[in-house]
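Close look at the chain arrangement
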Amino acid sequence: MSVVQRDRGASRGVWALGTGGVALLLVAALLAPGGAEGTVRTVVGCLAVLVIPGWLVGRLADEDGDAIARLVGGTIATLAVVAASSFAAYELGLRVATAVVAVPLLVLVAAAALLGVGAPPVRRAPLAPIAAALALGLAALLGAMVTHLALPATPVQPAFSIEAARAVVSHSQVRVTVTVTRVRTVEPTDLTLYVNVSKVGLPVTVPAGTTPLAVTLAGRFPAGAASCPSRVQVRVVASNGAFLTPPVTCVGR
Amino acid sequence: MTAATVTTVPPADLDRGADRRFSMLALAFLASGALLALAEWMAARGDTTGHFYVFWLAYFLVTAPVAWHLLSNRTSSAARGALVVALGIWSLAPTLLRTGDHPLFFDEFSHFRMLQDLVRTGHPHSSVGLLQIGANFPGLELVTSGLYHLSGLTLWISALVIAAGAHVALLAGVYVLVRDASRSSRAAAIAAVVYSLNPSWLIFDAQFSYETLALPMLVWVLVFALRGARRREPGATLRARNVQVALAAILTTGLVVTHSVTSVVSAAALVAVAIVASLQQRGPLRTETVTSPLIAWSLAAWAVVITTWRFVDVGHALFVYLGPTFHFSQQLRQLLSVFGIGAGLPLHSAFANSSAPFFEIACGYLMLPILLVAFVWAIWGLLGARRRLSPLVYVAGVLGVLFFASLPLASAVAYSEAVHRSWAFSFLGFAVVLGLAGGLALDGRLSISMRAHRLWPPADRWSLTLRPVIAACAVIVAIGSVSLGSSTAYRFGGTVAPEVDPLYVGTETTMVAQWFAQHATSHDVVFADRFVVRPIAIASRVHVVQPGGTEVHLLLTHTIAFVELEAYLHDRVTYIVYNRQTGTIGQVKAWFWYVPSDSLLPKDARGPAYIHRLSCLNWLNAVFATSQYEVLRVNQARLAVDYHHNLTGLNRRCAGTFG
């Protein structure tokens, strides 16, 4: 193959890649997220940000025909362009979103393609090393992922939660509904209701079973307790010391 | 080298051999990944020792054959490059297995919240309670948000993709940097392997943090700067050189909006390269190397100008952030104390309370003299070849020396974290120096003599003994650097432990974070300890108050001071979250230990915590609780009334009963 033919072939390749890069960026910027369209956008977007600009830029700086240095160096330089241009946009008061990222990348891809077409021929960079590296590396990640999924799940931390949005206090009664959620624990076994420092009734046993479950604690309002609501504090204490002091809503007092 | 082999072995046999070797390597990578997952699983189930052995089996299952192939003179340059990248991808596995599908490490939460805010608002925001300086150096988040916007990946996956790419690019960059400097892929491979022994490389402190992107940018700045400054043959095209210089300048620009310290290191390295290039041209270092001082100085000037601009632009905030780390008089005091001059700083013991097995701890100590011997050997050997050296070697030598200079500070409580982080730079120095010297030694072109005695190459009778010794030393450094680099809690999962980073993350923190996600709004302000506040911050849109702020005094001082109430009013705190075990396990200082100004705390704040007091304040309502955490809503209106009436709102009868 003559030098002229090789040059033409290389130029066509750069043109194709540059045009493809611009097209992919536009597609990524315009496609909607979600569904099949979203999947396409993910693939296209990753190629448009992490592969094509990097390859085109790295090609311009590569004198050794090293695909790895070309792709990796070019991609890091592309990310630097994104960081610097996005920061400049932010300093200028622009909102950092799709356009602020896509426009500099479009310019970069177009410039790299134009420079690449006009450039003297560069050494071919065989892709086999990249393919081999990806194959080996992904084998390790695959082994880790499959094993991770195949092994039984590791036990999670046993814990519970209790929640009460408010306590309702009337002339004669105080009532609190507590939502209890358990994860691998039997706690809290019971809940105790207090008004100020006085215990109201007996502790309520929290039933076993599926959670979340609502447990209502109610009792007679202690005689001589202060006016409602500023001086009343309703407290629910769990068997392990966890407590709630929900805001008090007064009814008819 | 390869040509001799090709002439004696039929090409078809060579292909078959290469295919077989590749298949065996692929199997080793696959098995290693599986074993790494098994080690993590064992640790998460409470295993105490077995998982360490499984981990190291997995480690050497890959690194040993890869190192063998990298050093073998039968391996092609392209194959070496591929193996370095494969090693980089493989090394993602331990941390990916550890973190799973969400941020886990301390800095990750902070950067991830900044990323979330950036995507929501379109502008970088700093949250004082999470990352004081973040919005001034948002490069990583800007790049990640770019990928997020254009790909539609989730935020966390976008972050992982950027982190993974940068991690691999770092090792590949070291490889290319040394290959360019030595014109030997074997030297470059040695450098990559040495860099992979960096204590924070395999089990990095945070996948998604400033340095994740800044370090590969630094390495590639050097790659492009040195390539661009390299003199060409007369008549050679200048286009590639111009592009390389432009890329170095662009990377420098990207770096100054990504990380402060790394941009300073980059500027300093470029200045040093320019100085050495000038001295090599006509000074005492006059050599055969061909680095253009003009281009080197131009790039250095650009780096200095743009870094200075960024630092001046950020101004006071950066000074406050970095000031405690660069307290040179304190550092000097610690260094002098090593020589018995004056008193040193408060120290902590390396591996204190570590659950690492004995052999890891032993390797952690043994690696230091091994590194010293190897470094001295390499520098000594390279001095003999100084007429052929790239300016990079001098920069690398200084970086390597700084590793040993940093060691006296490593055990100082105030500096251990900063020293640990600096090793990412020091190991770049080791990698370059040892890579170049190792490459020369393997090619038989390194010689060391002392008073007419030849020290290197060793006598034939020593050569055979030396190989297993060097291999054993490499094993010790590999194990030692991992054990020295990060606590076992970072490496493996385990039983949830409050106040232990990152083991505090578990069912309870998830419950609390989810509660905030459902109930809190962007107007809410949360005051919580430095642990649980992180999952809350990324699960919801709440603002976060600095965990070491004045608010914490309410829990730590014997009597309630009005300045504490004022802090809650001033910061408009709407929720308080605390762990009821605070002060009963571990130490109270866990609430604020990372805040440099902890000396400002009242003296009586070092005792027990008065946590139950919170349940007796009339301006607080406990609305959610887990086994150990309490979530209390602040009634700001009531607090304001109490404050203006000089009342604390404390119900003393309640405090007497429940407090």
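Above this text sits the structure in question.
Quick summary incoming for the structure in this document. (Residues numbered from 1 in each chain as written. Chains lettered and ligands numbered in written order. Predicted model: local features only at pLDDT ≥ 70, side-chain atom pairs only at ≥ 80, totals over all residues. Heavy atoms only, no water.)

1. Some points on the overall build of chain A
Note the threshold: The way it works is that DSSP assigns letters per residue, a run of H or I at least four long becomes a helix, a run of E at least two long becomes a strand, and they are numbered from the N terminus. Here the globule rule reads 2.2 Å times residues to the power 0.38, and the radius of gyration is calculated from C-alpha atoms. Remark: exposure states derive from per-residue accessible area (1.4 Å probe, protein chains only) relative to the maximum for the residue type, with buried under 20%, exposed over 50%, and partly exposed in between. Every residue pair with non-hydrogen atoms within 4.5 Å of one another is taken to be in contact. Exposure was quantified through the Shrake-Rupley algorithm and a 1.4 Å probe, taking into account, for residues, occlusion by the shown protein chains and nothing else. Only four residue types enter the tally: Lys and Arg on the positive side, Asp and Glu on the negative side; His and the chain ends are excluded. Note on charges: their place is set at NZ of Lys, CZ of Arg, CG of Asp or CD of Glu.
A tally of regular secondary structure across chain A gives five helices and nine strands. What you see in chain A, going N to C, is helices and strands ordered as α-α-α-α-α-β-β-β-β-β-β-β-β-β. Compactness check: chain A gives a C-alpha radius of gyration of 33 Å against a globular reference of 18 Å for 253 residues, more than 25% above the reference. With respect to the principal axes defined by its C-alpha atoms, chain A has extents near 105 × 50 × 30 Å. Counting all 253 residues of chain A, 47% fall into the buried class. Relative to all contacts within chain A whose residues are 6 or more apart in sequence, the contacts with residues 24 or more apart total 65%. Total accessible area on chain A is roughly 11,600 Å²; 65% of this is exposed by carbon and sulfur atoms. For chain A, the distance from the average position of its 18 positive side-chain charges to the average position of its 10 negative side-chain charges is 15 Å.

2. Notes on the pattern of salt bridges
So the rule is basically this: We define a salt bridge as a contact between a side-chain nitrogen of Lys or Arg and a carboxyl oxygen of Asp or Glu at a distance within 4 Å.
Throughout the structure, instances matching the rule amount to 18 salt bridges over all chains. Residue D180 of chain B pairs with R183 of chain B through a salt bridge whose shortest N-O separation is 3.8 Å. Taking relative accessible area as the criterion, D180 of chain B reaches 13% and is therefore assigned buried. On the accessibility criterion, R183 of chain B (54% relative accessible area) is exposed. One connected set of salt bridges, linked through shared partners, spans D64 and D66 of chain A together with R179, D180, R183 and R227 of chain B.

3. A closer look at the environment of V577 of chain B
Mapped onto the fold, V577 of chain B is located in strand β5 (residues 575-579). Sequence separation between V577 of chain B and V526 of chain B is 51 residues, and the spatial gap between their C-alpha atoms is 7.4 Å.

4. Some remarks on helix α10 (residues 210-229) of chain B
Here is the rule we go by: The span expected for a helix works out to 1.5 Å for each residue beyond the first.
Under the 1.5 Å per step criterion, the end-to-end length of α10 of chain B is 28 Å for 20 residues, consistent within 8% with the ideal 28 Å. Of all 20 residues in α10 of chain B, 20 are buried; the element is thus mostly enclosed.

5. A look at the nonpolar core
All names here are of chain B. Stated formally: Buried Ala, Val, Leu, Ile, Met, Phe, Trp, Tyr and Cys residues form a nonpolar core when they are joined through side-chain atoms within 4.5 Å.
In this structure, F29, W90, L177, Y195, W220, L251 and F430 are the most contacted members of the largest nonpolar core, which totals 192 residues. Residue contacts for Y195: discarding those within four places in its chain leaves L170, L171, V174, W201, L215, A424, F427, L428 and A431. In this structure, F527, V552, L620 and L632 belong to the second largest nonpolar core, which totals 30 residues.

6. A short note on the state of the cysteines
All names here are of chain B. Defined as follows: Two cysteine sulfur atoms make up a disulfide if the distance between them is within 2.5 Å.
As enumerated under the stated definition, the model contains one disulfide over all chains in all. Each sulfur in the disulfide pair C616 and C654 lies 2.0 Å from the other. Between C616 and C654, the S-S dihedral sits near -70 degrees, and the bridge is therefore left-handed. Of this pair, C616 sits in the loop between β5 and β6 (620-626) while C654 sits in helix α26 (residues 652-658), and the two are 38 residues apart along the sequence.

7. Examining unusual backbone geometry
Across residues other than glycine, the phi torsion is negative in most instances, and most of the peptide bonds are trans. That bond from E187 of chain A to P188 of chain A is cis: its omega, -10 degrees, falls within 30 degrees of zero. With an omega dihedral of 0 degrees, the bond running from W456 of chain B to P457 of chain B counts as a cis peptide bond. If you trace the backbone, P457 of chain B turns up in the loop between β2 (453-456) and α19 (460-485). One non-glycine residue, R183 of chain B, lies in positive phi territory at about 55 degrees.

8. Observations regarding the interface of chain B and chain A
Defined as follows: Throughout, buried area stands for the accessible area (probe radius 1.4 Å) lost by two parts on being put together, summed over both. A 3.5 Å cut-off defines polar contacts: any pair of N or O atoms within that distance qualifies, except that in protein one atom must be a possible hydrogen donor and the other a possible acceptor, and neighbouring residues in sequence count only when both atoms are side-chain atoms. Polar here means any residue other than Ala, Val, Leu, Ile, Met, Phe, Trp, Tyr, Cys and Pro, which are nonpolar, and Asp, Glu, Lys and Arg, which are charged; Gly is therefore polar.
Across the contact, 104 residues belong to chain B and 90 residues belong to chain A. Both faces combined, the contact of chain B with chain A buries some 7,500 Å², and carbon together with sulfur accounts for 69% of it. Across the chain B-chain A interface, the total number found is five salt bridges. Counting across the interface, chain B meets chain A through 24 residue pairs in polar contact (both at pLDDT 80 or more). Here the residues of the side of chain B that touches chain A sort into 61 nonpolar, 26 polar and 17 charged.

9. Points about the packing of α10 of chain B against helix α18 (residues 416-442) of chain B
Residue and element names in this part refer to chain B. The following threshold applies: Axes here mean lines fitted to C-alpha atoms, for a helix over just the part in contact, with angles spanning 0 to 180 degrees between N-to-C directions. Under this scheme an angle from 65 to 115 degrees is roughly perpendicular, one under 35 degrees roughly parallel, and one over 145 degrees roughly antiparallel; angles in between are oblique. Here a crossing is taken to be left-handed if its near helix is turned anticlockwise relative to the far helix by less than a right angle, and right-handed if that turn runs clockwise.
Remark: α10 packs on α18, axes separated minimally by 12 Å, with the N-to-C direction vectors making an angle of 20 degrees. In terms of axis orientation, α10 runs roughly parallel to α18. The two elements α10 and α18 meet at a crossing, and its hand is right-handed. On α18, the residues that touch E211, L215, L218, V219 and L222 of α10 are R421, A424, F425 and L428. A class-by-class count of the residues in the contact of α10 with α18 yields seven nonpolar, no polar and two charged.

10. Here we look at the packing of helix α3 (residues 67-91) of chain A against helix α7 (residues 139-151) of chain B
Relative to each other, α3 of chain A and α7 of chain B sit at 105 degrees, their axes nearing to 8 Å. By the angle class used here, α3 of chain A and α7 of chain B are roughly perpendicular. Where α3 of chain A abuts α7 of chain B, its residues L79, V82, A83, S86 and F87 of chain A lie against G139, L142 and V143 of chain B.

11. Describing helix α17 (residues 391-410) of chain B
Each α-helix winds once per 3.6 residues, and so residues spaced three or four apart point in a common direction. We apply this condition: The seven residues ending at a residue and the seven starting there each receive a fitted axis; the angle between those axes is the bend at that residue.
Here α17 of chain B is 20 residues long and its end C-alpha atoms lie 29 Å apart, about the 28 Å a rise of 1.5 Å per residue gives. Bending of α17 of chain B peaks at approximately 25 degrees at the position of F404 of chain B, with proline P408 of chain B no more than four residues after it.

12. Thoughts on the packing of aromatic side chains
To describe a pair of aromatic rings, one takes the distance between the centres and the angle between the planes. Residue and element names in this part refer to chain B. Convention followed: Planes of paired rings set the category: under 30 degrees apart is stacked, over 60 is edge-to-face and the rest tilted, where pairs are Phe, Tyr or Trp rings (Trp by its six-membered ring) whose centres lie within 6.5 Å. Put simply, a charge is over a ring when the Lys NZ or the Arg CZ is close to the ring centre, within 6 Å, and near the line of the ring normal, within 35 degrees.
Under the counting rule described, the total for this entry stands at 29 aromatic pairs over all chains. Both rings, one in F527 and one in Y568, keep their centres 6.1 Å apart while their planes meet at 85 degrees; by these two values the pair is edge-to-face. Of this pair, F527 sits in strand β3 (residues 525-528) while Y568 is found in helix α24 (residues 562-570), placing the two residues 41 residues apart along the sequence. For the cation-ring pair, R310 lies above F137, with the distance from its terminal atom to the ring centre recorded as 5.7 Å. Its guanidinium or amino end placed over the ring of F55, R491 lies 5.2 Å from that ring's centre, counting from NZ or CZ.

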